[in-house]
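Take a look at the letters that make up each chain.
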Amino acid sequence: MNLIILTPQDCSQANIANLTGRRLQHVLEVHQAQVGQQLRVGMLNGLMGNAEVVHLDKQSLQLRFELDQAPPAKLPLTLLLALPRPKMLKRIFQTVATMGVERVVLMNSYRVEKSFWDSPFLQPDAIQEQLILGLEQGKDTVLPEIILEKRFKPFAEDRLSNLAGDSLKLVAHPMAQQSCPRDVQQAVTLAIGCEGGFIPYEVNLLAEHGFTPVGLGERILRVETAVTALIARLF
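Remember, it's a predicted structure, so these values are computed and weren't measured experimentally.

## Remarks on the side chain of Asp10
And then number 1: By the element assignment, Asp10 lies in the loop between strand E1 (4–6) and strand E2 (11–13).
And then number 2: Taking relative accessible area as the criterion, Asp10 reaches 10% and is therefore assigned buried.
And then number 3: Reaching out from Asp10, the side chain makes a polar contact with the side chain of Arg23 at a distance of 2.8 Å.
And then number 4: If we ignore the near neighbours within four places in the chain, the residues touching Asp10 are Ile5, Ile16, Ala17, Asn18, Leu19 and Arg23.

Listed below in structure tokens is the structure:
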């Protein structure tokens, strides 16, 4: 935890936060903090700054904080991700939050198992829990926007063009002849399929809406690995 994320619910006064649970245990066991020590904190979806430990025991932690620094800028990236397996999704949520992705659209595709949409990991509280873990790692406070699209064709035909706008539109595809570009200096909309990738019909439909198939070479990567590799290569 490189940054302790605070929420308005933690604050009994304007600049006082009271923490218990996971954050308290981390301060006790990892930071091994003492009264008077300074810690890095940030308000969820707000500013960052420093906090002084004013009370600490095994039951509670009280911090006096001052927030005066803006969080890092988000990557100008909209990630279109065919819904992966639930356990993999947890790790991906953390990764995209750590790396500063601005928006994630979880969408259906032919190879997405229907049962994945019933996963408890897609509940708003569960999503936010994983995103906050990623923010703590990356020293950021702003949650990525998460959008769920359960029907591929209506989304691609009716809403995708407005969402992608004039960004660089790419679809990761193992059979693509063109390599993924590097160090892009513009907004990007990137589509990544689930295990096995998009089927040809889906790739063609995305291509009809301006998406260029790109690859990372001959090796086939797991979705979570491809997400990290593609973001790092693009930005």
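## Brief notes about helix H5 (residues 200–208)
And then number 1: Inspection of H5 places Glu202, Val203, Leu205 and Leu206 among the buried residues, and these make up the whole buried set. Each buried residue of H5 sits inside an arc of 160° when the element is viewed along its axis, so together they form one side. Away from its buried face by more than 90 degrees, H5 exposes Pro200 and Glu208.
And then number 2: Looking at the buried side of H5, the elements it contacts are helix H4 (152–164), strand E10 (168–172), strand E11 (188–192) and strand E12 (212–214).
And then number 3: Note on H5: the residue one or two positions beyond its end, Gly210, has a positive phi of about 95°.

## Points about the sheet that holds strand E4 (residues 38–43)
And then number 1: The strand order E1-E4-E5-E6-E3-E2 describes an open sheet built from 6 strands, whose pairing is mixed. Bordering the open sheet on either side are E1 and E2, each of which pairs with just one other strand. Shown here is a sheet whose adjacent strand axes are inclined to one another by a mean of 40°, direction ignored.

## Here's the deal with the nonpolar core
Nonpolar side chains in soluble globular proteins tend to end up buried together.
And then number 1: Core analysis: the largest hydrophobic core is formed by 57 residues, its most contacted members being Leu79, Leu190 and Phe198.
And then number 2: Look past the residues within four positions of Leu190 in its chain and what remains in contact with it is Leu77, Thr78, Leu79, Leu80, Leu170, Ala172, Leu230 and Leu234.

Criteria and thresholds
- Residues numbered from 1 in each chain as written.
- Predicted model: local features only at pLDDT ≥ 70, side-chain atom pairs only at ≥ 80, totals over all residues.
- Heavy atoms only, no water.
- Helix = DSSP H or I, 4+ residues; strand = E, 2+ residues; numbered from the N terminus.
- Buried < 20%, exposed > 50% of the residue type's maximum accessible area, 1.4 Å probe, protein only.
- Polar contact = N/O pair within 3.5 Å; in protein donor to acceptor, adjacent residues only side chain to side chain.
- Contact = heavy atoms within 4.5 Å.
- Arc of directions from axis to C-beta.
- Pairing = 2+ DSSP bridges.
- Axes fitted to C-alpha atoms, helices over the stretch in contact; angles between N-to-C directions.
- Core = buried A, V, L, I, M, F, W, Y, C linked by side-chain atoms within 4.5 Å.

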